[in-house]
Amino acid sequence: MSKNTVFLPLSVAVITVSNRHTAESDTTGQMLVNQIKQQQHLFYRQQIVAEDRYQLRAAVSDLIADPYCQVIILNGGTGFQAKNCTSDALKVLFDRTIDGFAELFRQLSFSGTVKHQAVLSAAMQSDAVAGLANDTIIFAIPGSPDAADLAASQLIWPQLDARTKPCNFANLLNNRQCPAISTPINHNSNQEFKLGIH
């Protein structure tokens, strides 16, 4: 049961999984970075990783082991094309899978919302996943801006808010408080940085 009445900012990294995007064309990644700041969380790092399960595992493992990173949001590579490998790359890293995330995301994708288009039966092809690893929460969502926004606005941001009742993931992550949670963050910068390291 959530008892918090105050917002607890979390340190959030974004990884775009793509063989074609650059920093200039990565609209979904930038959308998520903007939302991190709008939600008043701490933007930690943004990077693009190729659709290669071993490169993905290396990049995510680096963040899982990093005490300054509390949340990782990956976008892209969650479909059923042969090259898509995000979910398979991540599942072996999870200490615990958050099954409800994938179930709710497919349900929302099927029916849509006022803001988001329903994809009907195509929702079954989504392999979006979430899990916990080393007290870091990891979300893997589609690269489509509409689908990514659906996952973020309806599921991710509410669960990363310590005020969400009856329960949320922010309170679970609070056991691993970011060492530099009070360090001022430059929300206008899209450059990679380490919190608390100057």
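Asks: Please explain the overall build of the protein chain as it appears in this structure.
Replies: Along the protein chain, the regular secondary structure elements total six helices and six strands. Ordered by position from the N terminus, the helices and strands of the protein chain form the series β-α-β-α-β-α-β-α-β-β-α-α. Here the protein chain holds 198 residues, and 50% of them are scored as buried. Once local pairs closer than 6 in sequence are excluded, the contacts in the protein chain between residues at least 24 apart make up 75%. Accessible area of the protein chain: about 9800 Å², with a carbon and sulfur share of 51%.

Asks: What am I meant to see in the nonpolar core here?
Replies: A general trend in soluble globular proteins is that nonpolar side chains are found buried together. Residues Val71, Ile73, Phe101 and Phe139 are the most contacted members of the largest nonpolar core, which totals 33 residues. When residues of this core are traced back to their parent elements, those giving at least two are β1 (11–17), α1 (27–38), β3 (71–75), α4 (99–111), β6 (136–141), α5 (145–159) and α6 (169–173). When residues of this core are assigned to their parent elements, the largest contribution, eight residues, is made by α5. Other than its neighbours up to four places away in sequence, Val71 contacts Leu10, Ser11, Val12, Ala13, Thr136, Ile137, Phe139, Leu160 and Leu173. One finds Ala13, Ala59, Ile72 and Phe94 within the second-largest nonpolar core, a separate group that totals 21 residues.

Asks: Could you clarify how one ought to interpret the pattern of salt bridges in this entry?
Replies: For side chains bearing opposite charge, pairing can occur when the charged atoms are close. Under the defined criterion, the tally for this structure stands at two salt bridges. Notably, a salt bridge pairs Asp62 with Arg45, separated by 3.1 Å at the nearest N-O pair. Separated by 17 residues along the polypeptide, Asp62 in helix α2 (residues 53–64) and Arg45 in strand β2 (residues 42–49) bring together distant segments of the chain. A relative accessible area of 41% means that Asp62 is categorised as partly exposed. Between Asp161 and Arg163 there is a salt bridge; the shortest N-O distance is 2.9 Å. Owing to a relative accessible area of 42%, Arg163 belongs among the partly exposed residues under this scheme.

Asks: How should the packing of α1 against α5 be read in this particular structure?
Replies: Helix packing for two helices is described by the angle between their axes and how far apart those axes are. The N-to-C vectors of α1 and α5 enclose an angle of 25 degrees; their axes lie 10 Å apart at closest approach. The angle between α1 and α5 falls in the class roughly parallel. Helix-helix and strand crossings are classified by hand; for α1 and α5 the assignment is right-handed. Counting all contacts with α1, which are made through Thr27, Thr28, Met31, Leu32, Gln35 and Ile36, the residues of α5 involved are Pro145, Ala148, Asp149, Ala152 and Trp157. When the residues that make up the contact of α1 with α5 are grouped by side-chain class, the tally is seven nonpolar, three polar and one charged.

Asks: Quick question: what am I supposed to make of the confidence of the model for the protein chain here?
Replies: Fine structural detail should not be taken from predicted coordinates in areas where pLDDT scores are low. Confidence along the protein chain averages 85 in pLDDT terms, with 80% of residues attaining 70 or more. Predicted confidence for residues 180–198 stays below pLDDT 50, and this span has 37 contacts to residues more than four positions away or in other chains.

Asks: Please explain the pairing of β2 as it appears in this structure.
Replies: Note on strand geometry: in a regular strand, side chains alternate between the two faces of the sheet. Of all eight residues making up β2, six are buried, and the element is well covered by its neighbours. Across seven bridges, the pairing between β1 and β2 is parallel. By the bridge assignment for β2, Thr16 is matched with Ile48. Note on the crossover from β1 through α1 to β2: the handedness is right-handed.

Asks: Explain the packing of aromatic side chains to me, please; I cannot follow it from the model alone.
Replies: Each aromatic ring pair is characterised by the separation of its centres together with the angle its planes make. Applying the stated rule across the entire model yields two aromatic pairs. Look at Phe101 and Phe105: their rings are 6.4 Å apart centre to centre, the planes differ by 10 degrees, and that puts the pair in the stacked class. Of this pair, Phe101 and Phe105 both sit in helix α4, four residues apart, which is roughly one turn of the helix. Of the residues examined, Phe105 reaches a relative accessible area of 2% and is grouped as buried. Put simply, the rings of Phe101, Phe105 and Phe139 touch in pairs and so form one group of aromatic residues.

Basis of the calculations
Residues numbered from 1 in each chain as written. Predicted model: local features only at pLDDT ≥ 70, side-chain atom pairs only at ≥ 80, totals over all residues. Heavy atoms only, no water. Helix = DSSP H or I, 4+ residues; strand = E, 2+ residues; numbered from the N terminus. Buried < 20%, exposed > 50% of the residue type's maximum accessible area, 1.4 Å probe, protein only. Contact = heavy atoms within 4.5 Å. Areas by Shrake-Rupley, 256 points an atom, 1.4 Å probe, with all protein chains shown as cover. Core = buried A, V, L, I, M, F, W, Y, C linked by side-chain atoms within 4.5 Å. Salt bridge = Lys/Arg side-chain N within 4 Å of Asp/Glu carboxyl O. Axes fitted to C-alpha atoms, helices over the stretch in contact; angles between N-to-C directions. Parallel < 35°, antiparallel > 145°, perpendicular 65-115°, else oblique. Left-handed = near helix turned anticlockwise from the far one by under 90°. Nonpolar A, V, L, I, M, F, W, Y, C, P; charged D, E, K, R; others polar. pLDDT = per-residue confidence, 0-100. Pairing = 2+ DSSP bridges. Right-handed = clockwise from strand over helix to strand, strands pointing away. Phe/Tyr/Trp six-rings, centres within 6.5 Å; stacked < 30°, edge-to-face > 60°.

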